[in-house]
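Spelled out from the first residue to the last, the chains are:
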Amino acid sequence: MFERSKILLVATLLTFAGLSHFAGGISPYYFDILIGIGINIILAVGLNLVNGYTGQFSLGHAGFMAVGAYASSWLTLKYGYSMGSGTLNTTTVFVLALLGGGLGAALAGLIVGVPSLRLKGDYLAIVTLGVNEISKGVLQKAEPLGAQRGLGGMEQHTNFFWTFAFAAITIYVVLNLVGSTYGRGFLAVRDDEIAAEAMGINTTKYKVLAFVLAAFFAGIAGGLYAHFKQFIHPEGFNFLRSVDIVVMVILGGMGNTAGVVVAATLLTILPEFLRAVSRYEWLPEWLRHVAENRMILYSLLLIVLMLTRPQGLFGNFTGKRNSKLQ
Amino acid sequence: MNAPLLKLDNVTVQFGGLKAVGDLSFTIGEGELIGLIGPNGAGKTTVFNLITGVYEPTAGAITFANKSVVGHRPYKITARGIARTFQNIRLFPSLSVFDNVRTACNMHLRHGISHALARGPKFSAEEREIEATVMELLEIFSLTAERDAACKSLPYGDQRRLEIVRALATRPKLLLLDEPAAGMNPTEKAELMKLIRFTQEKFGCAVLLVEHDMKVVMGICQRINVLDYGRKIAEGTPTEIRNDPKVIAAYLGKEEE
Amino acid sequence: MIEFIQQLLNGLGQGSIYALIALGYTMVFGVLRFINFAHGDVFMLGAFAGFYLGPKTLRLFGEGPSYSGAFAALVVAMVLCAVIGIVIEKLCYRPLRDRPKLTVLITAIGVSLFLENAGQLVFGANPQSFPELIVDRALEIPESWGAISGLTITVSQVLVFGVTLLLLFVLRYVVLKTKMGMAMRALSFNPVAASLMGINNDVVISFTFGLGSALAGAAGILTSIQQPSIDPLMGVNAGLKAFVAAVLGGIGNLPGAALGGLLIGVIEALVVGYVSPTYRDAIVFGVLILILIVKPTGLLGVSEREKV
């Protein structure tokens with residue numbers, strides 16, 4: 001029996017496999033942006049499961065990306081060359097390493113999630129932020145992983161197909177999950193935890209599940225990133241990288257996967273656009289500086305969005321009102 | 001005689017210095033319809049919160065079907081067969097009417113996350129089964145037409161009925177209703193009384209009813225417990241309660257003392 | 001033993017700073033039930049206020065460093081930060097008062113990021129050296145005092161600790177003895193009832209933000225006197241530590257925040273002294289996670305149940 005979403009997934013994967021043959025014709029600059037879009041879609045759609053559908057607030061997503069990046073790189077560096085050099089072998093090792101990175105990140109998600117998800121929104125945000133910073137600190141000290149020098153030497157296995165195949169799979173998983181009776185539990189937790197418990201929903205289980213799944217996909221994204229750039233550094237997975245992903249989720253509309261995909265695409269292109277703007281010499285000096293620092297724009301974007309359109313550009317966020325204050 | 005379905009034995013709960021419920025004991029037999037009344041602030045909702053595990057009693061025992069429920073998380077207690085509605089309506093605001101009820105079927109799912117992702121025939125069959133169950137319940141409470149409406153857009157009375165539907169979808173043995181008639185007009189109230197009796201018979205579940213409207217309580221309850229300042233001051237049939245001087249005093253205040 | 005006391009003293013110096021910042025978190029949490037993410041950055045602005053205005057206030061009292069000049073810089077920074085805090089609340093948080101908590105949290109993160117990045121643009125991203133407001137030197141402890149004479153106690157340490165204590169007493173007076181303080185307590189107890197009793201909640205909330213931000217501003221000056229290198233991101237780490245301190249003491253509880261701040265400072269100093277500076281940040285977050293698991297209400301906090 002073939003379900004519609006399954007057919008759609010297979011068709012998408014086949015299309016990507018076909019398109020992948022033409023990807024070689026794109027200039028390296030645009031190819032770089034294209035892969036960046038795919039990776040950000042995986043990150044943002046995954047995080048949307050936690051921050052959007054389940055109503056929690058994780059602010060340390062880059063930390064899980066780091067776990068995946070380092071774990072998968074370690075795997076390919078260690079086992080990549082011992083398996084022989086056939087295309088099939090290297091691809092197998094690469095995909096297995098990606099999955100290994102994802103599982104490592106999921107495990108990290110479980111360890112962080114179980115204690116911290118008992119907390120409410122603000123606390124969770126700060127704890128995840130803290131974990132993000134700690135993991136960065138640990139990586140900076142970890143000699144076998146290159147410490148401050150970063151880790152390099154991975155082959156470029158990441159291509160158009162694998163990036164967008166995993167993006168499609170992430171979207172498939174999230175949409176099919178939240179669309180099912182099983183997955184409605186996530187939304188119930190977001191809407192009203194007490195009522196959800198009263199309806200027999202184990203709210204802790206759902207929160208941890210969302211967190212672990214999101215961490216898994218972040219791990220995959222980290223692996224793709226590492227095997228694209230062929231060099232990773234602890235600073236690449238800092239708090240600001242996490243903010244990047246959070247902004248994508250919020251701009252797209254928390255709990256709106258299509259919106260988040262569009263936002264991830266837009267916000268991957270935006271820094272490139274801003275970089276171009278900052279080179280216009282006829283612009284005033286300060287404006288060029290602002291364009292160089294996207295975080296100023298992101299922060300203003302967050303504030304203005306929350307004040308005027310908290311549901312994001314594409315809508316679909318309804319939350320519990322703060323009943324304490326009238 | 002069988003052991004009672006629910007038994008509260010000298011239950012006390014203290015919030016700081018305030019004893020919200022003190023030494024409360026009562027029982028509910030299988031399939032019984034029991035009322036719980038008392039003036040505002042008497043501790044009725046607290047009793048619900050104690051039974052469903054939102055609060056834990058400071059002292060005393062609560063047993064359901066011969067097993068203690070004290071110290072269990074609310075979702076586990078719901079899984080054992082106690083469902084409730086809320087005095088201040090707690091539907092899932094972003095979900096449709098249909099999805100609100102569907103969510104309550106969650107705990108009876110036989111197939112978990114892997115099936116939701118693989119979307120095989122078993123999954124589709126179960127989803128269809130759930131849809132049928134939900135629609136049947138909505139039909140009974142005449143909410144079929146509102147199936148896809150946002151639950152927040154429903155009139156107040158319909159929201160209260162939707163909460164009952166949602167609670168019934170967990171297939172409870174005991175249903176706790178917290179002021180289901182609040183905000184309803186007399187016609188709706190009469191309708192509600194019929195529905196409560198109907199559910200009691202059709203689903204075979206016992207009902208514990210907290211309600212301010214005496215017509216409703218006296219009209220359908222087999223026995224009534226009266227609370228005042230967290231303590232039980234009377235128990236009996238509607239007629240006995242109506243003529244109990246202590247109850248009258250609690251509601252109207254004593255003449256003098 | 002002397003070594004231990006020395007670490008303890010160092011810890012109290014840093015802990016005073018955390019305590020002052022933590023008070024702001026806890027006060028705002030008390031009245032609004034939300035964590036003001038941008039609070040640590042107000043602390044940073046306090047330091048930069050001292051950086052730019054400190055030399056000017058010194059000149060009012062003659063040439064070179066002076067206590068009166070430093071005191072004036074402290075007051076100026078406190079007033080400036082109070083104003084900034086009030087403005088942030090008015091522009092960004094007040095319009096969101098009845099919105100979901102998540103919305104306010106995201107806004108606060110936005111404000112924090114804005115202050116950090118605008119700070120880098122305006123002040124420059126590199127660390128700058130803070131002007132010398134007082135002449136800092138080690139106090140001479142007479143040999144006759146025995147073992148204690150082996151301790152190094154600096155003027156700045158004494159000053160920081162002294163000013164912190166003074167501010168704590170002022171705060172205690174404001175909260176417990178003034179009308180505004182009573183209104184703050186009423187509001188944190190029940191905002192609806194408070195407004196029914198004729199309290200203007202908006203004014204009280206503004207006042208709370210002002211008071212908390214002033215303390216953060218003071219902390220900004222005091223920390224710069226101890227460690228005269230400042231940068232626009234200095235508020236991130238200090239803010240996080242102070243937040244942990246507030247949670248440790250029991251968020252919403254004023255003595256708890258002060259106690260938590262001092263404790264975090266001491267714990268940090270002991271870890272740096274006896275274990276390794278590497279674990280300085282990790283251990284603080286470890287403490288946070290531990291409290292949240294073992295006693296989420298903190299040392300002095302009381303639990304608050306959600307009404308069902």
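J.: Can you break down the overall build of chain A residue by residue, with the values?
T.: What chain A contains, in helices and strands, is 13 helices and two strands. For chain A, the spread of C-alpha atoms along the principal axes amounts to about 60 × 60 × 45 Å. Across the 326 residues in chain A, those meeting the buried criterion constitute 60%. Partitioning the intrachain contacts of chain A with sequence separation of at least 6 by distance along the chain shows that 80% fall at a separation of at least 24. Summed over all atoms, the accessible surface of chain A reaches about 12,900 Å², with 67% contributed by carbon and sulfur. Taking the average location of the 22 positive side-chain charges in chain A and that of its 16 negative ones, the two points are 6 Å from each other.

J.: Explain the overall build of chain C to me, and be specific about the residues and the numbers.
T.: What chain C contains, in helices and strands, is eleven helices and two strands. Of the regular secondary structure in chain C, the N- to C-terminal order runs α-α-α-α-β-α-α-α-α-β-α-α-α. Among the 308 residues that make up chain C, the fraction classed as buried is 56%. Intrachain contacts of chain C at a sequence separation of at least 6 include 74% that bridge at least 24 residues.

J.: Describe in detail the packing of helix α2 (residues 28–53) of chain A against helix α10 (residues 239–252) of chain A, supporting the description with residues and values.
T.: Residues and elements named next belong to chain A. Closest axis-to-axis distance for the α2/α10 pair is 9 Å, and the angle between their directions is 70°. Relative to α10, α2 is oriented roughly perpendicular. Between α2, through Asn-40, Leu-43, Ala-44, Leu-47, Asn-48 and Asn-51, and α10, the contact on the second element is made entirely by Arg-241, Ile-245, Val-246, Met-248 and Val-249. Of the residues assigned to the contact of α2 with α10, the class counts are seven nonpolar, three polar and one charged.

J.: Break down the environment of Ala-150 of chain B for me, with residues and values.
T.: All names here are of chain B. Considering the arrangement of structural elements, one finds Ala-150 in the loop between α5 (121–140) and α6 (156–168). Classification of Ala-150 by relative accessible area gives partly exposed; the value is 41%. Linking Ala-150 and Glu-211, residues 61 residues apart in sequence, is a C-alpha distance of 27 Å. When sequence neighbours within four positions are dropped, the list of residues in contact with Ala-150 reads Leu-95 and Ser-96.

J.: Describe in detail the sheet that holds strand β10 (residues 231–236) of chain B, supporting the description with residues and values.
T.: Residue and element names in this part refer to chain B. The sheet built from six strands is open, its strands ordered β6-β7-β8-β3-β9-β10 with mixed pairing. One side of each edge strand has no neighbouring strand; the edge strands of this open sheet are β6 (82–84) and β10. Shown here is a sheet whose adjacent strand axes are inclined to one another by a mean of 20°, direction ignored. Note: strand β3 (residues 33–37) against strand β9 (residues 223–228), four bridges, orientation parallel. The partner of Gly-35 across the bridge, within β9, is Ile-224. Running at roughly 150° to strand β7 (residues 174–178), helix α1 (residues 44–51) makes contact with β3, β6, β7, β8 (206–210) and β9 of the sheet. Contacting β6 and β7, α6 runs over the sheet at an angle of about 160° to β7.

J.: How would you summarise unusual backbone geometry if you had to cite specific residues and measurements?
T.: Although it is not a glycine, Ala-147 of chain A adopts a positive phi angle of roughly 45°. Position of Ala-147 of chain A among the secondary structure elements: in the loop between α5 (121–141) and β1 (151–152). Judged by relative accessible area, Ala-147 of chain A falls into the buried class, the value being 3%. One non-glycine residue, Asn-10 of chain B, adopts positive backbone phi at about 50°. By secondary structure assignment, the location of Asn-10 of chain B is in strand β1 (residues 6–15). Classification of Asn-10 of chain B as partly exposed rests on a relative accessible area of 40%.

J.: Would you mind going over the pattern of salt bridges in detail, with residue names and values included?
T.: Following the criterion strictly, the structure yields 31 salt bridges over all chains and no others. In this structure, Asp-99 of chain B engages Arg-184 of chain A in a salt bridge whose closest nitrogen and oxygen atoms are separated by 2.6 Å. Taken together, the residues Asp-99 of chain B in helix α3 (residues 97–104) and Arg-184 of chain A in helix α7 (residues 184–191) connect one chain to another. Assigned by exposure class, Asp-99 of chain B and Arg-184 of chain A land together as buried. A salt bridge links Arg-97 of chain C to Glu-89 of chain C, with the nearest nitrogen and oxygen atoms 2.7 Å apart. Sharing partners across several salt bridges, the network here consists of Arg-184 of chain A together with Asp-99, Arg-102 and Glu-127 of chain B.

J.: Can you lay out the interface of chain C and chain A for me, pointing to particular residues and giving the numbers?
T.: At the interface, 45 residues of chain C touch 43 residues of chain A. Of all residues in chain C, the largest losses of buried area upon contact with chain A belong to Leu-102, Ile-106 and Leu-113 of chain C, amounting jointly to 14% of the total for that side. Scanning the region where chain C abuts chain A turns up zero salt bridges. Of all the secondary-structure elements, those providing two or more residues to the side of chain C that touches chain A are α1 (2–32), α3 (67–93), α4 (101–123), α7 (191–196), α9 (234–249) and α11 (280–294) of chain C. No other element matches α4 of chain C, which puts 15 residues into the side of chain C that touches chain A. The residue inventory of the side of chain C that touches chain A, partitioned by class, reads 33 nonpolar, six polar and six charged.

J.: Before we move on, could you go through the pairing of strand β2 (residues 18–28) of chain B and cite the residues and values that matter?
T.: All names here are of chain B. By the bridge criterion, seven bridges tie β1 to β2 in an arrangement that is antiparallel. Residue pairing in the sheet places Phe-15 in a bridge with Leu-18 of β2. The antiparallel pairing of β1 with β2 creates a hairpin that spans two residues between the two strands, and Gly-16 there sits at a positive phi of about 60°.

J.: Lay out the sheet that holds strand β5 (residues 67–68) of chain B in plain terms, naming residues and giving numbers.
T.: Residues and elements named next belong to chain B. If you walk across this open sheet you meet the four strands as β2-β1-β4-β5, and the pairing is antiparallel. Looking at which strands have only one partner, the edges of the open sheet turn out to be β2 and β5. The pairing of β1 with strand β4 (residues 59–64) spans five bridges and is classified as antiparallel. Looking across to β4, one finds that Leu-8 is bridged to Ile-62. Lying over the sheet, α1 contacts β1, β2 and β4, oriented at roughly 110° with respect to β1.

J.: Residues and numbers for the environment of Pro-255 of chain C, please.
T.: All names here are of chain C. Relative to the elements of secondary structure, Pro-255 occurs in helix α10 (residues 254–275). Accessibility expressed as a relative area gives 56% for Pro-255, which makes it exposed. Residues Pro-255 and Thr-26, 229 residues apart in the sequence, show an inter-C-alpha distance of 9.9 Å.

J.: Tell me about the packing of aromatic side chains, and name the residues and values.
T.: Following the criterion strictly, the structure yields 24 aromatic pairs over all chains and no others. Consider the rings of Trp-162 of chain A and Phe-166 of chain A, whose centres lie 6.2 Å apart with planes at 35°: the pair is tilted. Here Trp-162 of chain A and its partner Phe-166 of chain A are both found in helix α6 (residues 160–179), four residues apart, which amounts to about one turn of the helix. When the centroid spacing of 4.9 Å and the interplanar angle of 85° are considered together, the rings of Phe-51 of chain C and Tyr-52 of chain C count as edge-to-face. Taking NZ or CZ as reference, Arg-147 of chain B lies 4.1 Å from the ring centre of Phe-98 of chain B, over its face.

J.: Can you tell me about the nonpolar core, naming the residues and giving the values?
T.: Counting residues in hydrophobic clusters, the biggest one holds 253 residues, and the most contacted among them are Phe-57 of chain A together with Tyr-93 of chain C. It is helix α9 (residues 203–229) of chain A that provides the largest number of residues to this core, a total of 17 residues. Aside from chain neighbours lying at most four places away, what touches Tyr-93 of chain C is Phe-34, Asn-36, Ala-38, Ile-88, Val-104, Thr-107, Ala-108, Val-111 and Phe-209 of chain C. The next biggest cluster of nonpolar side chains, apart from the first, holds 29 residues, and it includes Phe-48, Leu-50, Ile-51 and Ile-82 of chain B.

J.: Any details on a nonpolar patch on the surface? Residues and values, ideally.
T.: Residues and elements named next belong to chain C. Together, Phe-71, Val-75, Val-79, Val-83, Val-87 and Leu-91 give the surface a local cluster of nonpolar side chains, amounting to about 540 Å² of exposed area. With respect to the helices and strands, Val-83 occurs in helix α3. Accessibility expressed as a relative area gives 46% for Val-83, which makes it partly exposed.

J.: Can you explain the packing of α1 of chain C against helix α6 (residues 179–189) of chain C? Please cite residues and give values.
T.: Residues and elements named next belong to chain C. At a minimum axis separation of 6 Å, α1 and α6 run at an interaxial angle of 60°. As judged from the angle between their axes, α1 and α6 are oblique. On the side of α1, the interface is formed by Met-27, Gly-30 and Val-31, while α6 contributes Met-184, Leu-187 and Ser-188. Considered class by class, the residues forming the contact of α1 with α6 number four nonpolar, two polar and no charged.

J.: Can you lay out the confidence of the model for chain A for me, pointing to particular residues and giving the numbers?
T.: Per-residue confidence for chain A gives a mean pLDDT of 87; residues scoring 70 or more make up 93%. Here residues 317–326 of chain A is a poorly scored stretch, pLDDT under 50, and it has 30 contacts once near neighbours within four places are set aside; other chains count.

Cut-offs and rules
Residues numbered from 1 in each chain as written. Chains lettered and ligands numbered in written order. Predicted model: local features only at pLDDT ≥ 70, side-chain atom pairs only at ≥ 80, totals over all residues. Heavy atoms only, no water. Helix = DSSP H or I, 4+ residues; strand = E, 2+ residues; numbered from the N terminus. Buried < 20%, exposed > 50% of the residue type's maximum accessible area, 1.4 Å probe, protein only. Contact = heavy atoms within 4.5 Å. Areas by Shrake-Rupley, 256 points an atom, 1.4 Å probe, with all protein chains shown as cover. Lys, Arg positive; Asp, Glu negative; His and termini not counted. Charge placed at Lys NZ, Arg CZ, Asp CG, Glu CD. Axes fitted to C-alpha atoms, helices over the stretch in contact; angles between N-to-C directions. Parallel < 35°, antiparallel > 145°, perpendicular 65-115°, else oblique. Nonpolar A, V, L, I, M, F, W, Y, C, P; charged D, E, K, R; others polar. Pairing = 2+ DSSP bridges. Salt bridge = Lys/Arg side-chain N within 4 Å of Asp/Glu carboxyl O. Buried area = accessible area lost by both parts, 1.4 Å probe. Phe/Tyr/Trp six-rings, centres within 6.5 Å; stacked < 30°, edge-to-face > 60°. Lys NZ or Arg CZ within 6 Å of the ring centre and 35° of its normal. Core = buried A, V, L, I, M, F, W, Y, C linked by side-chain atoms within 4.5 Å. Patch = residues over 30% accessible without salt bridge, like charges linked within 9 Å, V, L, I, M, F, W, Y side chains within 5 Å. pLDDT = per-residue confidence, 0-100.

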